[in-house]
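The chain contents come next:
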Amino acid sequence: MNQAQLDRLALEAAIQQAEKSLAEGGIPIGGCLMTPTGEIVARGHNLRVQTGDPTAHGETATIRSAGRRRDWHTLTMATTLSPCAMCSGTAVLHRLKRVVIGENRTFQGREDWLREAGIEVVVLDDPRCVALMRDFIAARPELWDEDIGVPPER
């Protein structure tokens, strides 16, 4: 498999996780960690609503599910949405090699931090990822604002 095919495989796993989160009543953001040979070593999705943990974003949950590792620097993280500052920081902290992003139209995260840290960033602009977030934000704007730290209107 070439790199583009591996990226698509990783994103498919992340999309499945996003759909799982949505079905659980959560934020539809999913992630996947993959080795350079295409082995998926971890999956995760946003669990903030389900667990009440404000740090349980999709990428963070994915990294938590990977457990202790020594090969972070070789791994690709696929995520359905451009990672926020916290999740980008987690990727930088663990020195991930690459981050594949499903879409960054509905939310522009801290891709700049990833690039500055030497992480390769690939944005696939996947229409399914865009639709998942657009539909969710339209249906639950207050929950989305809470997830990204937007204060309630007064």
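Residues numbered from 1 in each chain as written. Predicted model: local features only at pLDDT ≥ 70, side-chain atom pairs only at ≥ 80, totals over all residues. Heavy atoms only, no water.

Inspection of every chain in the model, using the stated rule, returns 1 aromatic pair. Relative to Trp144, the ring of Phe107 lies with its centre 5.8 Å away and its plane at 90°, an arrangement referred to as edge-to-face. Taken together, the residues Phe107 in the loop between strand 4 (98-101) and helix 5 (111-116) and Trp144 in helix 7 (residues 141-148) connect sequence positions 37 residues apart. According to the relative accessible area criterion, Phe107 is buried, its value standing at 18%. (Phe/Tyr/Trp six-rings, centres within 6.5 Å; stacked < 30°, edge-to-face > 60°. Helix = DSSP H or I, 4+ residues; strand = E, 2+ residues; numbered from the N terminus. Buried < 20%, exposed > 50% of the residue type's maximum accessible area, 1.4 Å probe, protein only.)

Now for unusual backbone geometry. Excluding glycine, most residues fall at negative phi; most peptide bonds, likewise, are trans. Phi is positive for Arg95, which is not a glycine, with a value near 55°. Relative to the helices and strands, Arg95 is located in the loop between helix 4 (85-93) and strand 4.

This part covers the sheet that holds strand 2 (residues 40-45). Consider a sheet: its strands pair through backbone hydrogen bonds, and that pairing is either parallel or antiparallel. Judged by pairing direction, the sheet is mixed, and its 5 strands sit side by side in the order 2-1-3-4-5 without closing on themselves. Each edge of the open sheet carries a strand with a single partner, namely strand 2 and strand 5 (120-123). Sheet twist, expressed as the average angle between the axes of neighbouring strands with direction ignored, equals 15°. Note that strand 4 and strand 5 share 4 bridges and pair parallel. The residue of strand 5 that forms the bridge with Ile101 is Val123. (Pairing = 2+ DSSP bridges. Axes fitted to C-alpha atoms, helices over the stretch in contact; angles between N-to-C directions.)

Within the element layout of this structure, Glu59 appears in helix 3 (residues 58-66). Of the buried charged residues, Glu59 lacks a salt bridge, with Arg64 as the closest side chain of opposite charge at 10 Å. Here the side chain of Glu59 touches Thr79 through a polar contact of 2.6 Å, side chain to side chain. When sequence neighbours within four positions are dropped, the list of residues in contact with Glu59 reads Ile29, Met77, Thr79, Leu81, Pro83 and Cys87. (Lys, Arg positive; Asp, Glu negative; His and termini not counted. Salt bridge = Lys/Arg side-chain N within 4 Å of Asp/Glu carboxyl O. Polar contact = N/O pair within 3.5 Å; in protein donor to acceptor, adjacent residues only side chain to side chain. Contact = heavy atoms within 4.5 Å.)

What follows covers the nonpolar core. Core analysis: the largest hydrophobic core is formed by 15 residues, its most contacted members being Leu33, Trp72, Leu96 and Val99. Sorting the residues of this core by element identifies strand 2, helix 3 and strand 4 as the ones contributing at least two each. With residues near it in sequence (within four places) discarded, Leu33 still touches Glu39, Ile40, Val41, Ala42, Thr62, Ile63, Ala66, Trp72, Leu75, Thr76, Met77 and Leu96. If you look at the next biggest cluster of nonpolar residues, it comprises 12 residues, including Cys32, Met34, Val100 and Val122. (Core = buried A, V, L, I, M, F, W, Y, C linked by side-chain atoms within 4.5 Å.)

Once that is clear, we can look at the pairing of strand 1 (residues 30-34). Within a regular strand, the side chains alternate between the two sheet faces. Burial analysis of strand 1 places 5 of its 5 residues in the buried class, which makes it a mostly covered element. Relative to strand 2, strand 1 runs antiparallel, the two sharing 5 bridges. Paired with Cys32 across the strands is Arg43, a residue of strand 2. In this sheet, strand 3 (residues 76-79) lies alongside strand 1 in antiparallel orientation, the contact comprising 4 bridges. Bridge pairing in strand 3 links Met34 to Thr76.

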